[in-house]
Amino acid sequence: MSVIGIDFGNESCYVAVAKAGGIETIANDYSLRATPACVAFAGRNRVLGVAAKNQQVTNMNNTIANFKGLLGRKFNDPYVQEELRTLPYRTEACPDGGIGIRVNYQDEECVFTPEQIVAMLFTKLKDDAFKELKAQINDCVITVPSYFSNAQRQALLDAANISGLNVLRLMNETTATALSYGFYKQDLPAPEEKPRNVIFVDCGHASLQVSACAFHKGSLKMLASCSDSVGGRDFDLVLATHFNKEFQTKYKIDASSKKRAFLRLMAEVEKLKKNMSANSTKLPLNIECFMNEIDVHSSMQRSEMEELSAHLFQRIEATMRKLLADSKLTLEDIHSVEIVGGSSRIPAIKQLIEQIFGKTASTTLNQDEAVSRGAALQCAIMSPAMRVRDFNCTDVQAYPVLISWMDADGAHEMKVFDQYHATPFTRLLTVHRKEPLTINLHYEPNSVPYPDSFIGAYHLKGIKPDANGEAQEVKVKVRINHHGIITISSATMYERKESEEPASPTPATNGDEKKSVDATQNAASPQGDESGKVGEPMDIQEDKKKKVTTKQVELTIDAKTHGFVHAELSKYFEEEMKMIANDRQEKERIDARNALEEQVYEVREKIQEDGALHAYIDPQDAAAICRELEETENWLYEEGESCEKGVYKERLEKMRAKIEPVRIRCEEFSGQEQAFTELGHAVQQALKAVEQYRAKEPKYEHLTETEMINITEAAQKAQQWYEGARSKLVSVRKTEDPPVKLADIRHETQTLTTCTNSVLNRPKPKPPTPPADQQSNSATAGNNAGQDSQSKAAGGDSNTQKQTTEDSMDVE
């Protein structure tokens, strides 16, 4: 099981994984860390990532890019309309007011929602991670811009669900960057000390986010976050517009009249912009066959670009100054300014940072991968599959949230969350109602950059008056969850009932007789009986007390908010699974077609005059195969263009069946010389071993004559077979099948080698080990032998010495 962090960008995506050795960014199937946020539809299959980006110009209408900003928005949104004006693909309004993207898929017109397109991209990222890690991808953390609204966050969650990803948290990009910065810092101040305040500037492809964060050891707290929809593509558009006007005057062509030409121009000015970040000299812009077969040329230097983009730098400056005001930090409170994002490399932005915050922009973080690395860290912290040091992240809500409702007194409204309120957080509201209630949640007007401030309408069912017809207490939980999504999570009604229960009986005394009567009367019949008589005195007094019981009743909530209902999610999930299966089948079909095409080219090359198989095929057979190859090639590019996998495999097998005998023949003739050499070497080795045995070589002294005779006979037999096989092959042409096969030669070699080795490698026999008693006798005999030798060395015979000893004993 692996946990990953996904940086879902407008132009590119990065995937990082938490491993035992730390955080690592995953490379895609093109060995690139950045995967373009592109989805294309080409004929019968989908093309995702780098491959989709590569065909953006040639397959313009069916290549979808820049779709991140369309999530969770309506078609008639002014921002959407402005965005669609520059997009080359076709869009339309859906029946629910959403955005539909029309493409040609499998030769049919299909309409997909932005959520489905994002799910397709997530499928690609998930597949790349699986191939890289060789493990199932279950948990993930996905980053979102801090300015994303409730609707956009819910749309992103829906997209992840469609792709089968389990999202542990939607994390603000600024917070992920801060976590990536602070997690490995060992010198952060202690909780009781003054925090380290760091400013993060993230200028990406489509947006600018500036945030302030306070760090303590083991924790971070976001203070404020400001944003603007100005990014690298806005600079590209300024440059493209400038050059287009120049080309209209100089070459009399208008790139804006053709979407494909304008796409090419945008791609070229993006390269120019990146080069200008590193060079202040004048740089050229050259595009061949731009329009009407006209080559265009121009140039620009950095100062001109900054002058053209002055209005964009003003917006960036205003965003930074707003953050400084919102965070309530002085310049002395700021420890450093860290920059991330591709467009933060623009020198003018770095100058603005130093001018506003009084600090030089620091590049200690990886400007492209910091966000994904922070997301992977957060996923590892949250996932039960990983053991990671805890690091607490307190985020903020970007916009103030209001709650409103209607009752008999009219409309009511109150603020439940201020701007930059800490998240996640739950607020408990208490209301008193007799009947069902509808509560509306919405952002404060003019506080969000969206025309629609609606969050959700929640109808609380089951509210009723108490037994006395009075209003009952209802407690409503308004929550900002860890995804940053605002919702009414629950509503509880507290039913209070009063009941009378008898207390413990108490004996009454004579002195308390009157008091007992009154107590009994009041307790038993507070209003008196019908005759108006007072009850008789009793010897036992019984008090009755009122008991209040409270019952909690969970209310049913009918929510009308953003996002797909369960049925729609299930439908889109099934569609995505079908498309994944179709992609797999289409890949297998294309692979089969490519294999057939490769076989055509390979066979043609090998049977040509200078080919490897030319000498081993009859000219007539070669001509027939060439005709078949030409026929197959024509078929591939005509009616065989879109056949099923089985058709290609069948043709491939037929072609292989015809060329296989020639290939085998080539292998036979090519390998014969080596095989015969090995057989001759084996014969020589066997005969040499026999000669060494005859010469009384010590290493063969344990072998028998019979064994040597067997080796000699086997070697002579192999020699005879060798000479006979050689003679058979003398007059055989290479276009004929050889009468002697490689397998036969190798079999003879193996037979002789086995026979020889089985004899020569037989180990020498070890001497037998005597029994234990014989070993003892042998030891005694050895000792006696030693004594005898000593006696001889002294100059006497052992028998004489023995006799002398005995005589001496007799004398005694």
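The structure we're discussing is the one just above.
My aim in this report is to walk through the structure given alongside it, one point at a time. This is a predicted model, so every value here is computed, not measured.

1. Observations concerning the pairing of strand β12 (residues 166–172)
Argument step 1. Summarising burial for β12: 6 of the 7 residues are buried, a large majority.
Argument step 2. Where strand β11 (residues 137–144) lies against β12, 6 bridges are found, and the strand directions are parallel. What sits directly across from Val144, in β12, is Asn172.
Argument step 3. Assessed by its sense of winding, the connection that carries the chain from β11 through helix α4 (residues 150–163) to β12 is right-handed.

2. A word on the sheet that holds strand β6 (residues 45–48)
Argument step 1. Reading across the sheet, the 3 strands line up as β6-β5-β7 and stay open at both edges, with antiparallel pairing between neighbours. Where the open sheet ends on each side, the last strands, each with one partner, are β6 and β7 (63–64).
Argument step 2. The pairing of strand β5 (residues 39–42) with β6 spans 4 bridges and is antiparallel. Bridging across to β6, Val39 finds its partner in Leu48.
Argument step 3. Against the sheet, helix α3 (residues 114–133) touches β5, β6 and β7, its axis set at about 95° to β5.

3. Section: helix α17 (residues 742–760)
Argument step 1. End to end, α17 covers 27 Å across 19 residues, agreeing with the expected 27 Å (1.5 Å per residue, within 8%).
Argument step 2. Looking only at α17, the buried set comprises Leu742, Ile745, Glu748, Thr749, Leu752, Thr756, Val759 and Leu760. All buried residues of α17 lie within an arc of 150° about the axis, which places them on one face of the element.
Argument step 3. Contacts made by the buried residues of α17 are with α15 (645–694) and α16 (705–729).

4. Considerations on the environment of Phe564
Argument step 1. With respect to the element layout, Phe564 can be found in the loop between β32 (556–561) and α13 (566–607).
Argument step 2. C-alpha separation for the pair Phe564 and Ala155, spaced 409 residues apart in sequence, amounts to 8.0 Å.
Argument step 3. The contacts of Phe564, once residues within four sequence positions are left out, are Thr113, Glu115, Asp158, Ile162, Leu569 and Tyr572.

5. Remarks on the nonpolar core
Argument step 1. Ile199, Leu265, Phe290, Met320 and Phe357 are the most contacted members of the largest nonpolar core, which totals 82 residues.
Argument step 2. When residues in this core are grouped by element, the largest group, 8 residues, is from helix α11 (residues 370–382).
Argument step 3. Every residue in contact with Phe290, bar those within four places of it in the chain, is listed here: Phe247, Ile253, Ala255, Ala261, Arg264, Leu265 and Val296.
Argument step 4. In this structure, Cys13, Ile101, Phe148 and Leu437 belong to the second largest nonpolar core, which totals 77 residues.

6. Here's the deal with the sheet that holds strand β19 (residues 361–362)
Argument step 1. Within the open sheet, the 7 strands sit side by side as β19-β18-β13-β14-β15-β20-β23. Their pairing is mixed. Both edges of this open sheet fall to β19 and β23 (421–423), since each of them pairs with a single strand only.
Argument step 2. By the bridge criterion, 3 bridges tie strand β20 (residues 392–397) to β23 in an arrangement that is antiparallel. Following the sheet pairing, Gln397 is matched in β23 by His421.

Basis of the calculations
Residues numbered from 1 in each chain as written. Predicted model: local features only at pLDDT ≥ 70, side-chain atom pairs only at ≥ 80, totals over all residues. Heavy atoms only, no water. Buried < 20%, exposed > 50% of the residue type's maximum accessible area, 1.4 Å probe, protein only. Helix = DSSP H or I, 4+ residues; strand = E, 2+ residues; numbered from the N terminus. Pairing = 2+ DSSP bridges. Right-handed = clockwise from strand over helix to strand, strands pointing away. Contact = heavy atoms within 4.5 Å. Axes fitted to C-alpha atoms, helices over the stretch in contact; angles between N-to-C directions. Expected span 1.5 Å × (residues − 1). Arc of directions from axis to C-beta. Core = buried A, V, L, I, M, F, W, Y, C linked by side-chain atoms within 4.5 Å.

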